[in-house]
Amino acid sequence: KKVGTGGGAEAEISAALGETDLILAGTYAYFDNDIPNSVSPNLESASQFIVTGTLDFGRTYLSAGYWGQENKNADVGEGIFDSFDPGELDDLAGRSAEIPYVEAGIDLTDTINLSGLVLYAENSHLDQKSWEFDVYLEWSLSENLSLEGYYAYIDFDKSTANGVSYKDYGQGGASLN
């Protein structure tokens, strides 16, 4: 018996603008949860998308994008659903969230890259708005080995909390890949 199916499409186009590359990309995914309501009544189908525009200047880049998820009733914490929202902290990516974001990056050296991401979310399911700030650092130690780290901070808008208190917090991590 199948529990769900998923499908999607992805596209990317690029064009050279003198010394700068313009890259436009988009992804759409649909997740159809087929688990019967008698087993789990909260599993519903959902879809999400992300579109981005990037200006690549060589050693630096600037991107802007928009991520969205449809279906206020889908429980995206269960089933086959997999979110690809742009931020590190998934508190933003609840049901029916909309997230515009801006990202910038720079190659500090030939082996060290620094980037940052700022995004704003309106989560209609939680009736909550928030900001997220992410910083990433990647150090290529060799052709096949890199040290990567990030720090992310989320700031919940207290005026939209509807009597529910969401605490601001930060988290970080590192990995050797």
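Nothing here was measured: the structure is a model prediction, and the numbers come from that model.

Asks: Just checking my understanding: could you explain the overall build of the protein for this structure?
Replies: Counting secondary structure elements, the protein contains zero helices and nine strands. Along the protein, helices and strands appear, N-terminal first, in the series β-β-β-β-β-β-β-β-β. The contacts of the protein with a sequence gap of at least 6 include a subset with a gap of at least 24, amounting to 52%. Per element, the accessible surface of the protein, about 10,200 Å² overall, is 55% carbon and sulfur.

Asks: So what exactly am I meant to see when it comes to the pattern of salt bridges here?
Replies: It is possible for side chains of opposite charge to pair when their charged atoms get near one another. Within the structure shown, the criterion is met by one salt bridge. Across the pair Arg59 and Asp110 runs a salt bridge, and its minimum N-O distance is 3.6 Å. In this pair, Arg59 is assigned in the loop between β3 (46-56) and β4 (60-70) and Asp110 in the loop between β5 (97-107) and β6 (112-123), connecting sequence segments 51 residues apart. For Arg59, a relative accessible area of 42% corresponds to the partly exposed category. Classification of Asp110 as exposed rests on a relative accessible area of 74%.

Asks: Can you walk me through the sheet that holds β6 in this structure?
Replies: Backbone hydrogen bonds hold the strands of a sheet together, and the pairing may be parallel or antiparallel. Overall, antiparallel pairing links the nine strands, which are arranged β1-β2-β3-β4-β5-β6-β7-β8-β9 in an open sheet. Each of the sheet's edge strands pairs with one partner strand only, and the pair in question is β1 (4-17) and β9 (169-176). The mean inter-strand angle of the sheet, taken between neighbouring strand axes irrespective of direction, is 10 degrees. Pairing geometry for β1 and strand β2 (residues 20-33), over 14 bridges, is antiparallel. Residue Gly6 lies in a different strand from β2, and its bridge partner there is Phe31.

Asks: Would you mind showing me how to read a nonpolar patch on the surface here?
Replies: Where nonpolar side chains cluster on the molecular surface, the patch consists of Ile106, Leu108, Leu114, Val135 and Leu137 and spans about 390 Å² of accessible area. With respect to the secondary-structure elements, Leu108 resides in the loop between β5 and β6. Take Leu108: its relative accessible area is 45%, and that puts it in the partly exposed class.

Asks: Explain the packing of aromatic side chains here, please?
Replies: To describe a pair of aromatic rings, you give the distance between the ring centres and the angle between the ring planes. The tally for this structure, following the rule as stated, stands at four aromatic pairs. Put simply, the rings of Tyr120, Trp131 and Phe133 touch in pairs and so form one group of aromatic residues.

Asks: Please clarify how the environment of Leu117 should be interpreted in this entry.
Replies: Within the element layout of this structure, Leu117 appears in strand β6. On the accessibility criterion, Leu117 (3% relative accessible area) is buried. Taking C-alpha positions, Leu117 is 7.6 Å from Gly87, a pair spaced 30 residues apart along the chain. Not counting chain neighbours up to four residues away, the residues in contact with Leu117 comprise Pro86, Gly87, Tyr101, Val102, Glu103, Glu132, Phe133, Asp134 and Tyr136.

What counts, and at which threshold
- Starting afresh in each chain, residues are numbered from 1 along the sequence in its written order.
- Thresholds applied to this predicted model are a pLDDT of at least 70 for local features of residues and 80 or more for the giving and counting of side-chain atom pairs; totals over whole chains, interfaces and linings are not thresholded and use all residues.
- Water and hydrogen atoms play no part in the side-chain values, which are based on all heavy atoms of the structure.
- Each helix corresponds to a stretch of at least 4 residues labelled H or I by DSSP, and each strand to a stretch of at least 2 residues labelled E; elements are numbered beginning at the N terminus.
- Contacts were defined at the residue level, with two residues in contact if any of their heavy atoms lie within 4.5 Å.
- Surface accessibility follows the Shrake-Rupley procedure with a 1.4 Å probe radius. Residue values consider only the protein chains on display as shielding.
- Take a side-chain nitrogen of Lys or Arg and a carboxyl oxygen of Asp or Glu: if they are within 4 Å of each other, that pair is a salt bridge.
- Burial classification: accessible surface area is computed with a 1.4 Å probe over protein chains only, and a residue below 20% of its type maximum counts as buried, one above 50% as exposed, and the rest as partly exposed.
- We call two strands paired when DSSP finds no fewer than two bridges between them.
- Here an axis means a line fitted to C-alpha atoms, over the contact stretch when the element is a helix, while the angle between two N-to-C directions is reported on a 0 to 180 degree scale.
- What goes into a patch is any residue over 30% in relative accessible area without a salt bridge, connected to like charges within 9 Å or, for nonpolar side chains (Val, Leu, Ile, Met, Phe, Trp, Tyr), within 5 Å.
- Pairing of aromatic rings covers Phe, Tyr and Trp, the last counted by its six-membered ring, and requires centre-to-centre distances within 6.5 Å; plane angles under 30 degrees mean stacked, over 60 mean edge-to-face, and any other angle means tilted.

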